[in-house]
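Here is how the chains run, residue by residue.
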Amino acid sequence: AFSDYPPNHPVAELREKIFGSGDPNAFPYESLRNFYLRSSYNLLDLYGEVLDWYVAPYPRGSVNQTGAGRNALVQEAVEYHRRRGIRFARYDNDGDNNIDYFAVLWTGPTEGWASFWWGYFTRMGADPYRADGKSLGSFSWQPSPDSFSPLTLIHETGHALGLPDLYDYDPEIGPPGGVGGMDVMDSCQGDHNGFSKFLLGWIEPRVIGGGERLLTLRPSGTHADAALFMPGARPG
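Thresholds, definitions, all that
Residues numbered from 1 in each chain as written. Predicted model: local features only at pLDDT ≥ 70, side-chain atom pairs only at ≥ 80, totals over all residues. Heavy atoms only, no water. Helix = DSSP H or I, 4+ residues; strand = E, 2+ residues; numbered from the N terminus. Buried < 20%, exposed > 50% of the residue type's maximum accessible area, 1.4 Å probe, protein only. Contact = heavy atoms within 4.5 Å. Areas by Shrake-Rupley, 256 points an atom, 1.4 Å probe, with all protein chains shown as cover. Lys, Arg positive; Asp, Glu negative; His and termini not counted. Charge placed at Lys NZ, Arg CZ, Asp CG, Glu CD. Salt bridge = Lys/Arg side-chain N within 4 Å of Asp/Glu carboxyl O. Arc of directions from axis to C-beta. Polar contact = N/O pair within 3.5 Å; in protein donor to acceptor, adjacent residues only side chain to side chain. Pairing = 2+ DSSP bridges.

Let's hear about the overall build of the protein: which residues, and what values?
Counting its secondary structure elements, the protein contains five helices and eight strands. Listing the helices and strands of the protein from first to last along the sequence gives α-α-α-β-β-β-β-β-β-α-α-β-β. Here the C-alpha coordinates of the protein stretch approximately 65 × 40 × 40 Å along the principal axes. Put simply, the protein has 236 residues, and 39% of those count as buried. The long-range fraction of contacts in the protein, counting pairs at least 24 apart against all pairs at least 6 apart in sequence, stands at 61%. Total accessible area computed for the protein in this model is approximately 13,100 Å², and 55% of it derives from carbon and sulfur atoms. Averaging the positions of the 19 positive and the 29 negative side-chain charges in the protein gives two centres separated by 7 Å.

Below, the structure written as structure tokens:
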């Protein structure tokens, strides 16, 4: 947060909408954790911590709108929490000396798609900054609107898992339309599609390599039913 855009949500509220049960009236985007539990058929249970707000002692307009400026701001916040006793080494789950993933929420308005003040997934790059001996790696960067929903965080966490955007970056190249808005990695609505769930190891589709089949598939939002159609494909 900033001197001209102070914290706009209690930490307890953010924690509930990220790692808790969230707002049941916002189903299916009541919380990050609940969304991914359902989407993965209870295979992925996300948990973590929501740290207190760091309030920069200057207005937001003072931030250098470059990758280096963004990284410097992140480092300021990390150092603030380190001084308060947070140990970042615990967030290296696979022991490779990199903090696997973290999310940054910032206050103030967005400034249009693909601008600096917008939601996106990025990396610290080649910056040598380390916290408790661990390098800061991939992270999502998104607004904290006055009416907070974890939906943007759900989308950006899809990137952290390895999924691409599925909307159309340039309608002049190839067929227009992405996947028609019918995916959380397209228009931030719906679920992850069957192919994404296959890539993430959440489902094992029935492979159809030829011939004719009569299949009955239940709704993919609640059942791990899927079929992969590819001439010559074989299971495995």
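Can you lay out the pattern of salt bridges for me, pointing to particular residues and giving the numbers?
The final tally for this structure, using the stated rule, is eleven salt bridges. One salt bridge connects D45 with R33, and the closest N-O pair in it is separated by 2.6 Å. Taken as a pair, D45 in the loop between α2 (32-39) and α3 (67-83) and R33 in helix α2 lie far apart in primary sequence, twelve residues in all. Classification of D45 by relative accessible area gives partly exposed; the value is 38%. When the shortest N-O distance is used, the salt bridge between D225 and R218 registers 2.8 Å. Taking the relative accessible area as the measure of exposure, R218 reaches 45% and is therefore partly exposed. Here the salt bridges do not stand alone but share partners, grouping E79, R82 and D132 into one network.

Account for helix α1 (residues 11-18), with residues named and values stated.
For α1, the set of buried residues is V11, L14, K17 and I18. Mapping the buried residues of α1 onto a view down its axis gives an arc of 130°, with all of them on the same face. The inward-facing, buried residues of α1 abut α2, β2 (102-106) and α4 (151-160).

Pulling in residues and values, what's your account of the side chain of E156?
Looking at the secondary structure, you find E156 in helix α4. Discounting chain neighbours no more than four positions away, the residues touching E156 are Y101, G119, Y120, F121, S140 and Q142.

So what about the environment of K197? Which residues, and what values?
Along the chain, K197 falls in helix α5 (residues 194-199). In the structure, K197 is positioned 46 residues away from L151 in sequence and 18 Å away in space, judged by C-alpha atoms. Those residues in contact with K197 that lie beyond four places of it in its chain are S39, Y41, D191, H192, W202, I203 and S220. Within the structure, the side chain of K197 is placed 2.6 Å from the side chain of D191, a separation counted as a polar contact.

I'd like a rundown of the pairing of β2, residues and numbers included.
By the criterion of burial, β2 is predominantly enclosed, with four of the five residues buried. In this sheet, strand β6 (residues 138-143) lies alongside β2 in parallel orientation, the contact comprising five bridges. Each bridged residue has a counterpart across the sheet, and for F102 the counterpart in β6 is F139.

Tell me about the environment of V74, residues and numbers included.
Residue position: V74 is located in helix α3. Under the relative-accessibility criterion, V74 is labelled buried at 4%. V74 sits 20 residues away from Y54 along the chain, and the two C-alpha atoms are 9.8 Å apart. Once residues within four sequence positions are removed from consideration, V74 is found in contact with F102, V104, M124, L136, F139 and W141.

Any chance you could break down the sheet that holds strand β5 (residues 134-136) for me, citing the residues and the numbers?
What the three strands build is an open sheet, ordered β1-β5-β4; its pairing is mixed. In the strand order of this sheet, the two ends are held by β1 (98-99) and β4 (130-131), each with one partner. Where β4 lies against β5, two bridges are found, and the strand directions are antiparallel. The partner of R130 across the bridge, within β5, is S135.

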